[in-house]
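This is what each chain is made of:
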Amino acid sequence: GPYSKVSLMVFLKVLTIHYTCFDSHFPLFKDSAAMSYNLVMKKMRWSNAQAYCRRHHKDLAHVRNQEEKDIIFNIIQNSTETIAWTGFYRDPWAFWSDSSTSNFTNWSNGQPDNFELNQFCARFSGLSGVWDDVVCGTKHPFFCYSGEV
Ligand SMILES: [Ca+2]
């Protein structure tokens, strides 16, 4: 299915950049303590995506620096998706879903604008590689991470 196809691409990407895949699809690497990103190709609202990641992986993905951004950008560009949730949300754009923080910002021009005062979650564009704040109830595929932070 599409999920295993993406997993293979993720696997190749993470090998290239010396991240070791950490996923049940690749049990050979299960003992390697490293972080991996997984693009889950199910469309969910942000809170449901968060619950899914916490149940099946570790949490929604944090993107705390350029290197991590490049990783998820590569993954989504090699997928059939163009938009995905990450773990970023307004509180006030300081924390990721797993409570980690960073000074890294990656907003699209003019964002976050909290249009109509109801945009509390950030989605990642696989076309432009930047974030936009949108309504959390919008359904998108999403990035989870697994392994060590
Ligand atoms: Ca917006």
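- Looking at an unreviewed UniProt entry, the protein chain carries the name C-type lectin domain-containing protein, with the source organism given as Sphaeramia orbicularis.

A word on the overall build of the protein chain
1) Next: Helix and strand content of the protein chain: three helices and six strands.
2) Next: For the protein chain, the N- to C-terminal ordering of α and β elements is α-β-α-β-α-β-β-β-β.
3) Next: For the protein chain, with 149 residues in total, the buried portion stands at 36%.

Describing the environment of Asp-113
1) Next: Summarising the element assignment, Asp-113 is placed in the loop between β3 (83–89) and β4 (121–125).
2) Next: Residue classification places Asp-113 among the exposed positions, given that 12 C-beta atoms sit within 10 Å.
3) Next: Residues Asp-113 and Val-134 lie 21 residues apart in sequence; the distance between their C-alpha atoms is 9.0 Å.

Considerations on unusual backbone geometry
1) Next: Here the bond from Asp-91 into Pro-92 is cis, since omega is -10°, no more than 30 degrees from zero.
2) Next: Between Gln-111 and Pro-112 the backbone carries a cis peptide bond, its omega angle lying at 0°.
3) Next: Along the polypeptide, Pro-112 turns up in the loop between β3 and β4.
4) Next: You will see that Ser-99, though not glycine, has its phi angle at about 75°, which is positive.
5) Next: Within the secondary structure, Ser-99 is located in the loop between β3 and β4.
6) Next: Positive phi values are uncommon outside glycine, yet Asn-114 reaches one of about 45°.
7) Next: Note that Asn-114 resides in the loop between β3 and β4.

As for helix α3 (residues 66–77)
1) Next: Taking 1.5 Å of rise per residue, the twelve residues of α3 would be expected to cover 16 Å, and the 16 Å separating its terminal C-alpha atoms lies within 8% of that figure.
2) Next: Those residues of α3 that sit buried are Glu-68, Ile-71, Ile-72, Phe-73, Asn-74, Ile-75 and Ile-76.

Some thoughts on the environment of Ser-125
1) Next: Along the polypeptide, Ser-125 turns up in strand β4.
2) Next: The partly exposed category is assigned to Ser-125, around which 16 C-beta atoms lie within 10 Å.
3) Next: For the pair Ser-125 and Ile-76, spaced 49 residues apart in sequence, the C-alpha separation works out to 8.6 Å.
4) Next: Those residues in contact with Ser-125 that lie beyond four places of it in its chain are Thr-82, Ile-83, Val-130 and Asp-132.

Some thoughts on helix α2 (residues 46–56)
1) Next: Taken together, the buried positions of α2 are occupied by Trp-46, Ala-49, Gln-50 and Cys-53. Considered in projection along α2, the buried side chains sweep an arc of 100° and stay on one side of the axis. For α2, the exposed residues set more than 90 degrees away from the buried face come down to Arg-55 and His-56.
2) Next: Turning to α2, the residues buried within the fold contact β1 (36–44), β2 (59–60), β3, β4 and β6 (140–146).

What counts and what doesn't
- Residues numbered from 1 in each chain as written.
- Predicted model: local features only at pLDDT ≥ 70, side-chain atom pairs only at ≥ 80, totals over all residues.
- Helix = DSSP H or I, 4+ residues; strand = E, 2+ residues; numbered from the N terminus.
- Buried ≥ 20, exposed ≤ 12 C-beta atoms within 10 Å, placed from the backbone.
- Expected span 1.5 Å × (residues − 1).
- Contact = placed C-beta atoms within 7 Å.
- Arc of directions from axis to C-beta.

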